Every structure is written in structure tokens, then in C-alpha cells.
Amino acid sequence: MDEEEKIRRHRALVSNKRLCKSLCIAMQGSMFPFGSTLPSEAFVRLPDRSFHFQPVPGRLSWSRNYAAKGIKFICACSSLLFQVRGNVYPTGYYNVTMYIGQPARPYFLDLDTGSDLTWLQCDAPCVRCVEAPHPLYRPSNNLVPFEDPICASLHAPGHHNCEDPTQCDYELEYADGGSSLGVLVKDAFAFNYTNGQRLNPRLALGCGYNQVPGTSYHPLDGILGLGKGKSSIVSQLHSQKLIRNVVGHCLSGGGGGFLFFGDDLYDSSRVVWTSMSSDYTKYYSPGVAELFFGGETTGLKNLPVVFDSGSSYTYLNRVTYQTLTSIMKKELSAKSLKEAPEDETLPLCWKGRRPFKNVHDVKKCFRTLALSFTDGKTRTLFELTPEAYLIISNKGNVCLGILNGAEVGLQDLNVIGAISMQDRLVIFDNEKQMIGWMPTNCDQIPKSKAMNT
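In this text, all values refer to a predicted model and were calculated from it rather than measured experimentally.

A. Highlighting the pattern of salt bridges. Counting across every chain of the model gives 6 salt bridges. Salt-bridge contacts for Arg244 lead to Asp263; the nearest nitrogen and oxygen are separated by 3.5 Å. With Arg244 in the loop between helix H3 (233–239) and strand S14 (246–251) and Asp263 in the loop between strand S15 (257–261) and strand S16 (272–275), this residue pair connects regions lying 19 residues apart in the sequence. Given the relative accessible area of 28%, Asp263 is considered partly exposed. As a salt-bridge pair, Lys351 and Glu342 come within 3.4 Å of each other at their nearest N and O atoms. Here Glu342 falls in the partly exposed class, since its relative accessible area comes to 47%. Salt bridges sharing common partners tie together Arg244, Asp263 and Glu431.

B. Seen up close, the state of the cysteines. For the coordinates displayed, the defined rule picks out 5 disulfides. The side chain of Cys122 participates in a disulfide bridge whose partner is Cys207; the two sulfur atoms lie 1.9 Å from each other. Between Cys122 and Cys207, the S-S torsion sits near -75°, and that sign places the bridge as left-handed. Note that Cys122 is positioned in the loop between strand S8 (119–121) and helix H2 (149–153) and Cys207 in strand S12 (residues 202–212), a separation of 85 residues in sequence.

C. Examining the pairing of S12 more closely. Judged by how many residues are buried, S12 sits mostly within the fold: 8 of 11 residues are covered. Bridge count between S8 and S12: 3 bridges; the pairing is parallel. Looking at the pairing, Gln121 lines up with Gly208 of S12. Sheet topology note: the strand S10 (residues 179–192)/S12 ladder contains 10 bridges and is antiparallel.

D. Representation of the sheet that holds strand S21 (residues 338–339) within the structure. Taken together, 4 strands build an open sheet; the order of strands is S21-S22-S26-S25 and the sheet is antiparallel. A strand with exactly one partner marks an edge of an open sheet, and here the two such strands are S21 and strand S25 (390–392). Two strands pair when backbone bridges link them, and S25 and strand S26 (residues 398–400) are joined in this way by 3 bridges, in the antiparallel orientation. Bridged to Leu390 within S26 is Leu400.

E. Representation of the packing of aromatic side chains within the structure. This structure, assessed with the given rule, holds 14 aromatic pairs. Aromatic side chains Phe82 and Phe191 sit 5.9 Å apart centroid to centroid with 85° between the ring planes, which places their arrangement in the edge-to-face category. Placement of Phe82 in strand S5 (residues 80–87) and of Phe191 in strand S10 is noted, with a sequence separation of 109 residues between them. Phe191 carries the same exposure label as Phe82, and that label is buried. Measuring from ring centre to ring centre gives 5.9 Å for Phe307 and Phe428, while their planes differ by 70°; the resulting arrangement is edge-to-face.

F. Up close: the UniProt feature "active site" (unreviewed entry) in the chain. On the UniProt side, "active site" (unreviewed entry) is annotated at positions that read Asp112 and Asp308 here. Look at the named residues: they lie 197 residues apart in sequence, but the longest C-alpha span between them is just 6.5 Å, so in the fold they bunch up. As for its position among the elements, Asp112 is in strand S7 (residues 105–112). With residues near it in sequence (within four places) discarded, Asp112 still touches Tyr174, Ile223, Leu224, Gly225, Leu226, Gly227, Asp308, Ser309 and Gly310. Positionally, Asp308 belongs in the loop between strand S19 (303–307) and strand S20 (314–316). Excluding its chain neighbours within four sequence positions, the residues that come into contact with Asp308 are Asp112, Thr113, Gly114, Val415, Ile416, Gly417, Ala418 and Met421. A polar contact is formed between the side chain of Asp308 and the backbone nitrogen of Gly114, at a distance of 3.2 Å.

G. Quick peek at the nonpolar core. Formed by 88 residues in total, the largest nonpolar core has its most connected members in Met98, Leu259, Phe261, Phe307 and Phe366. Here this core gathers at least three residues from each of two domains, domain 1 (80–261) and domain 2 (268–451). Once residues within four sequence positions are removed from consideration, Phe261 is found in contact with Ser79, Leu80, Phe82, Met98, Leu226, Ile233, Val234, Leu237, Ile243, Val246 and Val247. Grouped together as the second largest cluster of nonpolar side chains are 13 residues, Ile150, Cys168, Tyr170 and Ile223 included.

H. How the structure looks around the confidence of the model for the chain. Considering every residue of the chain, the mean pLDDT works out to 86; 81% of them sit at 70 or more. Note on residues 64–72: pLDDT under 50 across the span, and 19 contacts to partners over four residues away in sequence or across chains.

I. Region of interest: helix H4 (residues 318–332). In this model H4 runs 21 Å from its N-terminal to its C-terminal C-alpha over 15 residues, within 8% of the 21 Å that 1.5 Å per residue would give. By the burial criterion, the buried members of H4 are Thr320, Tyr321, Leu324, Thr325, Met328 and Leu332. The buried residues of H4 occupy an angular sector of 120° when projected down its axis, which confines them to one face.

The rules behind each value
- Residues numbered from 1 in each chain as written.
- Predicted model: local features only at pLDDT ≥ 70, side-chain atom pairs only at ≥ 80, totals over all residues.
- Heavy atoms only, no water.
- Salt bridge = Lys/Arg side-chain N within 4 Å of Asp/Glu carboxyl O.
- Helix = DSSP H or I, 4+ residues; strand = E, 2+ residues; numbered from the N terminus.
- Buried < 20%, exposed > 50% of the residue type's maximum accessible area, 1.4 Å probe, protein only.
- Disulfide = S-S within 2.5 Å.
- Pairing = 2+ DSSP bridges.
- Phe/Tyr/Trp six-rings, centres within 6.5 Å; stacked < 30°, edge-to-face > 60°.
- UniProt positions renumbered as here; feature names shortened; annotations may be inferred.
- Contact = heavy atoms within 4.5 Å.
- Polar contact = N/O pair within 3.5 Å; in protein donor to acceptor, adjacent residues only side chain to side chain.
- Core = buried A, V, L, I, M, F, W, Y, C linked by side-chain atoms within 4.5 Å.
- Domains from an automatic or database assignment.
- pLDDT = per-residue confidence, 0-100.
- Expected span 1.5 Å × (residues − 1).
- Arc of directions from axis to C-beta.

Next up, the structure:
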């Protein structure tokens, strides 16, 4: 493709994205039940001309053929919105309710942007399962075959061994030592678009018949994998042209919040954006960062960072953790806080003259941290106020929600966990390969005609 054609296609893309927004706004008041006959055509009328769109058969989206050969644009006009429950402490996780199967049954799934595959504890029968809030999932006989691309995406190159070509086996291991062993199946998911339309796509998920609990164990039905891989729910919905390949969440520091798939629930111009790194393609990573403490550099640079909502706390590599805690201890030694080794809620806690009720009572003793990312010539800061890295234990002490990643096998990786993403909208745009965030009241769920609860 020559340079002139590239420019032409880029202009067409920009133009059609604007038109898609106009179309979706025009269609916002319309209600079309999934599977019904959509209008045979739709128009976006601008002062100088009209643009013609056609519905995509079997999809709640619209397409427009551009005059340039080989260019077709899909307008996905709605998002999926989910209510989130849970908290960092004392619950220790955030989850959403998914309705799966025929008939659809509810399951509580932990949010995890650090992994791809969604799986349920499964009566296949179950060899080893942990306590679950609901009866174990009973799969249909719709196995995902070995040659399916989703199966290949779950295995490292050269390790994709075939014992039975009619099925796809998987084994997942997590940083806390937990694991799930099972087989891939396909089943119906029941969703509601934010515009009120319903859909029941068939998606691949793991039927986990052998689970080993990790150190962060709690009763669960399964994991909602929201990563970048082909097996993630978001990627599968996007491949069926049902949503844009965007996932975001807003986790409230007071508990709860919301999760969404799609890109029409936020104002992109208000979001701080940075590019996803091409060096850490397995995770949502902005690349390497420099750590600042109270506005001053710590001298700690080139720290590989990933975002992971499946981790309740934030983790730093061994050297960075030791340096940061040393700086903090030195600062706090001149204040009224004393270390509280008897409080085993987290590795490092401090007590005051009287028990603390919330982080606000003690935040003046702590400084704001910041991770600085360089995207070309642009520097982007991800700030961590005391609320983004401290908790108050049930003993009334203040504890550091930043842990030593070396103790859970993270090696040099630094993980921004749920505690540091609280009270802000965090967006992973896989189409533009961007990560964004902005301060948000996560207790205020966006207005919609339907939400998945």
C-alpha cells in the first residue's frame, strides 16, 4: 500500500468514526430486541449530505461501505455495563454477576484484567473444587475442539499438545499459587446492552474440574478473564462484532463500582491516555516507569509496570519495595506513628495514639506517590494518593497496601492492583492500544436503559 492510499484510508477512518457517533446518538432512542428484524437502512444527515448505513445481519451494529476498495466500517452502537460488588479490604476482591447457560444461571466471577480465560468451577464431574457461592456449573456437551484458535491462544508456542482432537484442555496458574485445570466449552451468555437490547452470544469458557486455592483464596464461582488474548470475553464479543474491543472499570474505595465493555460510556477528551507497551504484550502495560515520592524522584527507573484488577494490592519488585519502605519508615519515625508488628493484616502496619477510623484520619502523615511513563516525548503521571495505597485494618491501624512482589514470584514485574485503581475510571482500549484513567465517583453508575446486575 502506497503512502497516498494510507493517508486516504486514515482520513476515511477518522471521518467514519465521527459518523458512527452521530449514528449511535440517532439510534439511542430506538429499541430493537436481539434477533428481531432491524430497519433495512439508517441515515446520518449532515448539513451538506447524508450517509447511508446498513444493519449487520444478526448483529446489533451497522456497516458502511466506503468508496475506496476493501474498506468497510462497523458501527457498534452500545456497550455492556455491569454492577461490581466487593472491596479491597476486608473482602479482598471485586466481582460481577454473569448469567451463563441455558437456562441462564447466575455466577459470581472475580474481575481479572491480568488473565484472559473466563472459567467456572464445573461439575464435569469435579475432581477438586473449592467452596462456591452457587451450585457448580454443569456444561453442555459443546466442547471447543483442539484446532480452535482460542485453544491455541491458551498454550505457549511449541507446548500445544493434542491428546484428544475433539477437546481443548487448559491449565492456568496464578501468582498467588492458585490454579485451575479443565476443558474449554461453549455456552450462551445473557447480556443487556445499555440501550436496552438483549443478546445471548455463545462464548468459550473454561469448565474447571480441578482447582487449587491460592493464598488469596475465598469462595468463588470462577474468574472473569478480561485480558488482551483471544480467549477473553471482550475479545470474543469483539470478534462477533458485538462491541468495540474496549474494557474499563471504576472501583469504588467504599466498595462496589461498575465494569463496562465498549467505548460509549466516557468522554475520551477528559481521559489521561498513554500507549500500551509493545514489549509486554501479554498484559495491559504502559511500559516502564520512574517512581516519585512526594514529587521527588526516588532514582528508581525502568520499572516494568502492568495493570491487574485481579490483584487486590499493588506489588513492587524487591529493590523498589525495599527502597520505598525504607524512605517511608525514615519519614514516619519523626511522626506520631509507631510500627505495629503485632498487626498481621499486611506486612507493614503503623498504630497511632488512638485507633484510626479511615485513611483520611492519617493521610497527612503520608506523601503522594507517582509512576511516570514516557510515551514518545510525552510524560504521563499515574498518581497514588495515600488513599490509593493505604488501608485501615480492623484493629484501627494503618497498613501499607503495597507489597513485595518477589514474595509471590513476580520477579522484576511491578503490578498496579485494585487498591491503586480505586475511585478512578481505568480504560483499556485494545483498538487504539491505549490505557487511560481519570478521577471518577465510582458510586455513580452511568445512566443506561439496562444494566447487568
